[in-house]
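Secondary and tertiary structure notes
Each chain is listed here by its residues.
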Amino acid sequence: MLQDNFMSYQRFRYAKWAIALLFVCITLYILDNPPIKPGGGTWLGYGLGTLGALLILFLLLLGVRKRAYASRVGNLRGWLSSHVYLGLALAVVATLHCGFEFGWNIHTFAYALTMAVIISGIWGVVLYLHNPARMGDLLDGRTLEQQAQELRDLDDRCRMLAQGRPPTLLALVEESAAGAIFSRRRQRLTGHNGACATTRVLKELREVGDQSDPNSNEIYTLQFRRLQQLKRIRNFVRLRTLTEIWLLFHVPMSIALLVALVAHIVSVFFYW
Amino acid sequence: MQARNNDKLQTEIEALQRPLIGRRALSWTLFVLVLLGCLVLPVMASVWPQIFQPVEQQKTVQLRHTPASAPVLNEAYKRATPTALGLDAQWNPGTLSSSHQPFGLDCKACHAKPFQPVQDTECLACHRGIGNHVATKVAAMPQLQETRCASCHRDHQGTDGLMSQNHRYIGTGCASCHGDLSTKLPETKVADVKDFAKGHPQFRVQVAASTTTLVRVRQGGAAISEPTALKFPHDLHLATGGIAGPDGKSKLECASCHRPTQSGVGFERVSMKRDCQSCHALAFEPALSQRQVPHGSTDEVLTTLREFYGYVNSSKVAIDTPPVNGPVFTVRPGMPAGAPASFVQGPGDAKARAAAAATELFEKTSCIVCHSVSRVPGPGKAGTPGADLPQWKIAPVAPAHPWMPKASFDHAAHRAAPCADCHLASASKKAGDVLMPTIKECRDCHSGSEPVVGKVKSDCAMCHGYHMPELHAAAPAVKAMNAMQAVKP
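A quick note: this is a predicted structure, and the numbers were derived from the prediction, not measured.

On to the overall build of chain A. Helix and strand counts for chain A come out as 9 helices and 0 strands. Seen in sequence order, chain A has helices and strands lined up from the N terminus as α-α-α-α-α-α-α-α-α. Its C-alpha radius of gyration of 27 Å places chain A more than 25% over the 19 Å reference for a compact globule of 272 residues. For chain A, the C-alpha atoms occupy an extent of roughly 95 × 40 × 30 Å along the three principal directions. A total of 272 residues make up chain A; the buried ones form 34% of that total. Here the contacts in chain A between residues at least 6 apart in sequence split such that 75% fall between residues at least 24 apart.

Structure below.
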């Protein structure tokens, strides 16, 4: 956490920019004494609105930039850093723009979407600060494919150890090998599989296994390692699923916000 | 067996590596929903209402564009044709002022053309004759005429009226022209003003120079008086010891004669019958204290006298009952006393007795007390019984009029202050004294636009209006005078 990450990028360069921007906006808002109620309709309101709209467009551009792998426009970490800090600043700019006036209308709808996206963004920051390291630890530098191959290798070794032993032992090994990582999709959220075949097989092995037989003991040890492996995969999938669910919220809401922003601006000038 | 199991694991691993489906689909769904609901449908309902509305409503919309052909729709508030399904109501940025809410669902009642700021024509459809600040015939002020209504009047700011919001435009906005009006408009009589506390000229008080001319005279020089033929010493009537009345000495207050109107803003006109006549009775026959002549036209007075003495003469009725409350006539101090006991038994015929009573009434006991009375050659108004009597003329009294027509003052709002704080009536000896307060009295309580402890912060709009519709109509002074003359005294 103390190394240079997207939050502390270039000694908090974008945090400083965002604070400077907020300082200017808040000072202007305090000094401004408009002849009508503070809101989007005063000169400062128009100015803050323009600033807010430009910020939103810039924040959305991260979605374009992160897909443009060949782009040389800054590096992605810098983009993400400015995305986070300017996104946080947007919450204040948008609130000052509306002058703390809210209603059941497209304008407050656009504001609510903005705030929803920003709040989800804060959640995203927390996820991205913690999860990548945890996910890396869980997979230990290997891919899921490699993890699966290890499972297969474990299963093959168990099968060989079960040769010439009672058929129940092989049946148990096969049962464990046929078990799914997740038996239900929603288990991806919890990382727990209550119907885990390997857990069940381990329990069976404790009851039917011949403790004097070294092969049987070896199978038990391998199955235990198999379960550890499965748990790591499940935890990894859980963390990735949470991140993906966050994106499933953050990105479509941003798109809705973009359209609501256009509707907000058009409606203001349609009925000027 | 083994291969199948491996395939199963492979399939699951591949499935786990695929990103969660739906991000793109969800994005597109929200994109389309918000675009349709918040932008496309409202725009369509506004631009092509025929898509949503039945035929008869379309006709109403069309009539709105040609109101002359639809007399029923001429009243602007009936033009309101709500947008279909209120689709554009979601665009409403804030609560309309309560008076605009009746057509609040018809955005186009004010926002007539898309992407065009609200035009003055839309405002003036209802607010006819609101008037500019400076009438074109007074001075051409192009920069004022170019100002849109909406430059100052902004709706969607809450239910309060637009006018109350606009106080915030008053002050520096006014001073930007009025602070240096003498160079901007050299021919004007309006003095430069910057702020009520620091840079406001003395008030101009309107007085009647004659019965047909009102002039405005600036305070600060000689005491302003209004030439009037009325005799009314305020000091005598407000004497601390009271004034003699029919029931002995009575103490009068301002409110004894000056009664607030129902709104409390101003006062009803002082009326002879209601406010004066209980003391200043118009009795004419010493032997009959209750009989009075009508107040008003001299012809009617003379006719009453002529008819009364003619009747008494011909019917020989005995009327010399002694007056109940002592002598009928009280003569004004300084006037010769000694009125006759009765004209009924006086010398000559009925006409001579009526003439004697009239002379007494006009020149000694009644009319002359308050009015300037002069004898004029007869005969009187043809066809009236009093035409053959001697004739008198009552000098016209100055008409009632607003004293400070360019400022509004609410007496009800100042009810807590005694009248004498502003009007020094108890020291006034003549009816012609103008008892309007000067700016000094106002400044005792009112500060300017800068707040001052213990004073009321007062911007220009506290007293002054902006729109001056009457300047665009006929000349106000003449109108006021005509109205005065139509009112019977």
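Picking up after the structure, the text goes on.
With that settled, consider the overall build of chain B. Across its full length, chain B holds 17 helices and 8 strands. A total of 489 residues make up chain B; the buried ones form 17% of that total. Nonlocal contacts in chain B, meaning residues at least 24 apart in sequence, comprise 59% of its contacts between residues at least 6 apart.

In this complex, chain A contributes 38 residues to the contact, which on the side of chain B involves 39 residues. Looking at the side of chain A that touches chain B element by element, the count peaks at 18 residues for helix H9 (residues 214–270) of chain A. Counted by class, the side of chain A that touches chain B contains 27 nonpolar, 6 polar and 5 charged residues.

Let us look at unusual backbone geometry. Residues and elements named next belong to chain A. Of note in the backbone geometry, Phe100 takes a positive phi value of approximately 60 degrees without being a glycine. With respect to the helices, strands and loops of the structure, Phe100 is situated in the loop between helix H3 (76–98) and helix H4 (106–139). Positioned with a positive phi, Asp140 is a non-glycine residue whose angle comes to about 55 degrees. As for its position among the elements, Asp140 is in the loop between H4 and helix H5 (144–162).

This brings us to the pairing of strand E2 (residues 214–218) of chain B. All names here are of chain B. Pairing analysis gives 5 bridges linking strand E1 (residues 204–208) to E2, with the strands arranged antiparallel. The partner of Gln206 across the bridge, within E2, is Arg216. Connecting the antiparallel pair E1 and E2 is a turn made up of 5 residues.

A word on the environment of Gln391(B). Residue and element names in this part refer to chain B. Relative to the helices and strands, Gln391 resides in strand E6 (residues 391–394). With 92 residues separating them in the primary sequence, Gln391 and Asp299 have C-alpha atoms 8.6 Å apart. Other than its neighbours up to four places away in sequence, Gln391 contacts Val376, Pro377, Gly378 and Gly380.

Turning our attention to the confidence of the model for chain B. All names here are of chain B. In this model, chain B carries an average pLDDT of 80, and 81% of its residues clear a pLDDT of 70 or more. For chain B, helix H17 (residues 476–486) is the element with the lowest average pLDDT, namely 38, and E6 is the one with the highest, namely 93. Here residues 70–78 scores under 50 on pLDDT; set against residues more than four positions off or in separate chains, the count is 13 contacts. Among the scores for the predicted complex, ipTM is 0.85 and pTM is 0.73.

Turning next to the environment of Gln163(A). Residues and elements named next belong to chain A. Inspection of the secondary structure assignment puts Gln163 in the loop between H5 and helix H6 (167–178). Look at Gln163 and you get exposed, because 9 C-beta atoms sit within 10 Å. With 76 residues separating them along the chain, Gln163 and Gly87 place their C-alpha atoms 62 Å apart.

As far as domains go, chain A holds domain 1 (9–101) and domain 2 (144–240). On a C-alpha basis, the centres of domain 1 of chain A and domain 2 of chain A stand 52 Å from each other.

Residues and elements named next belong to chain B. Given a rise of 1.5 Å per residue, 18 residues ought to cover 26 Å, and the 26 Å separating the end C-alpha atoms of helix H13 (residues 298–315) matches this to within 8%. Among all positions in H13, only Thr298, Val301, Leu302, Thr303, Thr304, Leu305, Arg306, Phe308, Tyr309 and Val312 are buried. On the buried face of H13, the contacting elements are helix H14 (350–365) and E6.

Looking now at the nonpolar core. Grouped together as the largest cluster of nonpolar side chains are 44 residues, with contacts concentrated most on Leu90(A), Ala110(A), Leu113(A), Ala256(A), Leu257(A) and Ala260(A). Of all the secondary-structure elements, those providing two or more residues to this core are helix H1 (9–31), helix H2 (43–65), H3, H4 and H9 of chain A together with helix H2 (23–47) of chain B. Per element, the largest residue contribution to this core is 11 residues, and it comes from H3(A). Ignoring any residue separated from it by four or fewer positions in sequence, one finds Leu90(A) in contact with Gly52(A), Leu55(A), Ile56(A), Leu59(A), Thr114(A) and Ile118(A). Counting residues in each nonpolar core, the second largest holds 22 residues, with Leu151(A), Cys158(A), Val173(A) and Phe182(A) among its members.

Looking now at the packing of H5(A) against H9(A). All names here are of chain A. Packing of H5 against H9 brings their axes to within 9 Å, and their N-to-C directions diverge by 165 degrees. One way to sum up the angle between H5 and H9 is to call them roughly antiparallel. Here H5 runs over H9; the crossing is left-handed. For the pair H5 and H9, contact is made by Leu144, Gln147, Glu150, Leu151, Leu154, Arg157, Cys158, Leu161 and Ala162 and by Asn215, Glu218, Ile219, Leu222, Gln223, Arg225, Arg226, Gln229 and Ile233, respectively.

Secondary-structure assignment places Pro38(A) in the loop between H1 and H2. Pro38(A) sits 194 residues away from Arg232(A) along the chain, and the two C-alpha atoms are 55 Å apart.

What follows concerns the packing of H5(A) against H6(A). Residue and element names in this part refer to chain A. In the contact formed by H5 and H6, the axes pass within 9 Å of each other and the chain directions differ by 170 degrees. Classified by the angle their axes make, H5 and H6 are roughly antiparallel. Residues Asp155, Cys158, Arg159 and Ala162 of H5 form the contact with H6, whose own contacting residues are Leu169, Leu170, Val173 and Ala177.

Analysis parameters
- Residue numbers here run from 1 along each chain, matching the order of that chain's written sequence.
- A letter from A marks each chain and a number from 1 marks each ligand, given out in the order of writing.
- Reporting of local features is limited, given that this is a predicted model, to residues whose pLDDT is at least 70; pairs of side-chain atoms are given and counted only at 80 or more, and all residues count toward the totals for whole chains, interfaces and linings.
- Here a strand is any run of E in DSSP of at least two residues, a helix any run of H or I of at least four, and the numbering for each starts at the N terminus.
- As defined in this context, the radius of gyration uses C-alpha atoms, and a globule is described by 2.2 Å times the residue total to the power 0.38.
- Labels follow a simple rule on C-beta atoms placed from the backbone: if 20 or more others lie within 10 Å of a residue's own, it is buried; if 12 or fewer, it is exposed; otherwise it is partly exposed.
- A residue pair is marked as a contact if its C-beta atoms, positioned from the backbone, fall within 7 Å.
- Basically, the charged four are Asp, Glu, Lys and Arg, the nonpolar ten are Ala, Val, Leu, Ile, Met, Phe, Trp, Tyr, Cys and Pro, and anything else, Gly included, counts as polar.
- Criterion used throughout: strands pair if DSSP finds at least two bridges between them.
- What pLDDT conveys is the predictor's confidence in a given residue, as a value from 0 to 100.
- All the domain ranges listed were derived from an automatic or database domain assignment.
- Every helix has an expected span of 1.5 Å times one less than the residues it contains.
- Defined on buried residues, the nonpolar core groups Ala, Val, Leu, Ile, Met, Phe, Trp, Tyr and Cys residues joined through C-beta atoms within 7 Å.
- Between N-to-C directions, angles cover 0 to 180 degrees, with each direction set by a line fitted to C-alpha atoms, over the stretch in contact for helices.
- Should an angle lie under 35 degrees it is considered roughly parallel, over 145 roughly antiparallel, and from 65 to 115 roughly perpendicular; all remaining angles are considered oblique.
- In this scheme, a crossing is called left-handed if the near helix is turned counterclockwise away from the far one by less than a right angle; it is called right-handed if the turn is clockwise.

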